[in-house]
Amino acid sequence: MELPNLDLLSHLPPRLLAVAERYLKAIPGVRQRLDKETGAMLAELEGSLKPYRQQVPTFSELPAHGRSREEVLQELEQLEAREHERWKDGLVSGAVYHGEDDHIAFVNRVYALHSQSNPLHADLWPSATKFEAEVVAMTAHMLGAAEANAGKPSEEHLCGSLSSGGTESIMLAMKTYRDQARETKGITRPEMVAPSSAHPAFDKAAHYFGIKLVRVPVGPDYRADVAATRKALTRHTIVVIGSAPSFPHGVIDPIEELSELARKRGIGFHTDACLGGFVLPWAKRLGYPVPPFDFRLPGVTSMSADTHKFGYAAKGTSVVLYRGTQLRSHQYFTATEWPGGIYFSPTFSGSRPGGLIAAAWATLVTLGEEGYLEASRRILETADTLKRGLRAIPELYVLGDPLFVIAFGSHTLDIFKVMERMSAKGWSLNGLHKPAAVHLCVTLRHTQPGVADRFLEDLRAAVAHVQANPSEEGTMAPVYGMAATVPFRGLLSDLLKKYMDLLYKV
Ligand SMILES: *Cc1c(COP(=O)(O)O)cnc(C)c1O
């Protein structure tokens, strides 16, 4: 489809565009044309999303007779082997943060031992509640509990919960602030203020819990803009947010200044350390420049830190922490009148996976401080090598001053074409927009010998290729380019929903 001149449109006010978009979509011919075009685009994607249709049996109803365990295990092993090739050698950004065979085997054994346990039944599985309490305590200690708790009564000590992931940790914290502000201050139209770079989990929380999210543009260094954040505060603001570091550019927001803004107003401040919580404390100890970001700052009232990222646990756990049990109590849920009995649940889920909680606990206590320190050292050294190599490529530039998530763009080349060339060599990198860039989140996978050199070599070749063939179109690069610049964001959102429908197709 011929799109209208997008550059011109992108200068129009977003409200006007939204109205124009609604009118456009209401024109029958336009609607049909759009459906046809998006249908064709998705049909093309379907094959690559469903590679196993011809290779293993497909089920859209229960098999009448159960299949043999042997057969099913063989099939699962075959799929796993194929998929782990994608990340094992370190060609993937983020995704698998540890990935050593012996570690995975250990975590799997722990899970297998506790796969039936459920902390909802604390009487049956006191081990699950022990593991949860200790993961929370160890994480809190790593993020400043000793200093924050010193001389304080126990109800003001750091505390928290284990959740299913970073998104749940963030959503729990935002719901907690909403309920606290309603109960203690009568705020009924709550607002939260976050830099544009903060994770979409904050938009999701806003969407689910009826909170207005005010996004503030970041400064030229991609860090949150303190002055602009101050201006965005209103009497409805319940919490201010900063990332340590941000997912897109891997830079640490000025948490000290931001949290002081919040403290002076008597509102909450959440440090999103989903990504950095299990790296930054060790980076600091290793002598890297890490500004204060955790509970050692008096204004920080909650944090999220993902055990399932750089905590190296199995997927499905994260920690949310609060300053004081009073605040945490707004997270809790109780039902006292249900015929099924007295019911209470600290997080969104009712039943929870005791096996994953045990796996997180076992990961923390087997790595220990030494293990995290050594893992962080390897990751940060590899990141240093990569940054040096990247900065030596004249066509590229590194966005901001990152530690271990390195975003790079180009002033002269289409960076998405460079990314596409890298994909052809087997690399799976993250495409960013506003501005167009690509990032690599460095994990233990990239610390294997030769991986960093191979990345830089392939990148230099990709840049040279794009430079020598400026008119070569590529297949994914235009899609990324369009996703970044198309002014009709509602159409893009519709397309993403269709894409999700596709995921659920058998
Ligand atoms: C990954 C991440 C999240 C969300 O975590 P999930 O575990 O994917 O839900 C939130 N914030 C940051 C900075 C992250 O990197």
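Residues numbered from 1 in each chain as written. Predicted model: local features only at pLDDT ≥ 70, side-chain atom pairs only at ≥ 80, totals over all residues. Heavy atoms only, no water.

When you go through the chain residue by residue, the secondary structure sums to 18 helices and 13 strands. Seen through its principal axes, the chain has C-alpha atoms that stretch 65 × 60 × 55 Å. Expressed as a percentage of its 506 residues, the buried residues of the chain come to 48%. For the chain, the share of sequence-separated contacts (at least 6 apart) that also reach a separation of at least 24 residues comes to 73%. (Helix = DSSP H or I, 4+ residues; strand = E, 2+ residues; numbered from the N terminus. Buried < 20%, exposed > 50% of the residue type's maximum accessible area, 1.4 Å probe, protein only. Contact = heavy atoms within 4.5 Å.)

Turning to the sheet that holds strand 7 (residues 318-323), a few remarks are in order. Ordered in space as 1-7-6-5-4-2-3, the seven strands form an open sheet in which the pairing is mixed. The outermost strands of the open sheet, each flanked by one partner alone, are strand 1 (158-163) and strand 3 (212-216). Here the average twist between neighbouring strands, direction ignored, is 20°. Along the sheet, helix 8 (residues 166-185) contacts strand 1, strand 2 (191-195), strand 4 (237-243), strand 5 (268-272), strand 6 (302-305) and strand 7; its crossing angle with strand 7, the most-contacted strand, is approximately 25°. (Pairing = 2+ DSSP bridges. Axes fitted to C-alpha atoms, helices over the stretch in contact; angles between N-to-C directions.)

A few words on the confidence of the model for the chain. Overall, the prediction assigns the chain a mean pLDDT of 94, with 97% of residues at 70 or greater. Every residue in residues 1-6 is under pLDDT 50, and counting partners more than four places away or in other chains gives eight contacts. (pLDDT = per-residue confidence, 0-100.)

Attention now goes to helix 18 (residues 489-503). For an α-helix the count is 3.6 residues per turn, leaving residues at separations of three or four pointing the same way. Taking 1.5 Å per residue, 15 residues should reach 21 Å; helix 18 reaches 21 Å between its end C-alpha atoms and fits that length. Those residues of helix 18 that fall on the buried side of the exposure criterion are Leu492, Leu495 and Leu502. Take helix 18 and look down its axis: the buried residues cluster within an arc of 65°, on one side only. Where helix 18 is buried, its residues touch helix 3 (28-49) and helix 17 (477-485). (Expected span 1.5 Å × (residues − 1). Arc of directions from axis to C-beta.)

Before going further, it helps to examine the packing of aromatic side chains. This model, assessed by the stated rule, comprises twelve aromatic pairs. Between the aromatic rings of Phe131 and Trp361, the centroid separation amounts to 4.7 Å while the plane-to-plane angle is 40°, which identifies the pairing as tilted. Residue Phe131 is found in helix 6 (residues 126-142), and its partner Trp361 is found in helix 14 (residues 354-391); the two are separated by 230 residues along the sequence. Overall, the relative accessible area of 22% leaves Trp361 in the partly exposed class. On the numbers, 5.0 Å between centres and 85° between planes, the contact of Trp427 with Phe455 is edge-to-face. Pair noted here: Trp427 is in the loop between helix 15 (415-424) and strand 12 (430-432) and Phe455 is in helix 16 (residues 451-468), with a separation of 28 residues, a long-range link. Neither Trp427 nor Phe455 differs from the other in exposure class; each is buried. (Phe/Tyr/Trp six-rings, centres within 6.5 Å; stacked < 30°, edge-to-face > 60°.)

Below, the discussion takes up the pairing of strand 3. One ladder, built from five bridges, connects strand 2 with strand 3; its direction is parallel. Its bridge partner being in strand 3, Ala194 is matched across the sheet by Arg215. At this point the chain moves from strand 2, through helix 9 (residues 201-209), to the parallel strand 3, and the crossover so formed is right-handed. (Right-handed = clockwise from strand over helix to strand, strands pointing away.)

The grouping of Glu70, Glu77, Glu80 and Glu83 at the surface amounts to a negative patch. On the secondary structure map, Glu70 appears in helix 4 (residues 69-88). (Patch = residues over 30% accessible without salt bridge, like charges linked within 9 Å, V, L, I, M, F, W, Y side chains within 5 Å. Areas by Shrake-Rupley, 256 points an atom, 1.4 Å probe, with all protein chains shown as cover. Salt bridge = Lys/Arg side-chain N within 4 Å of Asp/Glu carboxyl O. Lys, Arg positive; Asp, Glu negative; His and termini not counted. Charge placed at Lys NZ, Arg CZ, Asp CG, Glu CD.)

Here we come to the sheet that holds strand 10 (residues 396-398). Reading across the sheet, the four strands line up as 10-11-13-12 and stay open at both edges, with antiparallel pairing between neighbours. Each end of this open sheet is capped by a strand with a single partner; those strands are strand 10 and strand 12. Sheet twist, expressed as the average angle between the axes of neighbouring strands with direction ignored, equals 30°. When strand 11 (residues 405-410) meets strand 13 (residues 437-441), the two strands line up antiparallel, connected through four bridges. The residue of strand 13 that forms the bridge with Phe408 is Val438. Where helix 14 meets the sheet, it contacts strand 10, strand 11 and strand 13, and its direction lies at approximately 10° from that of strand 11.

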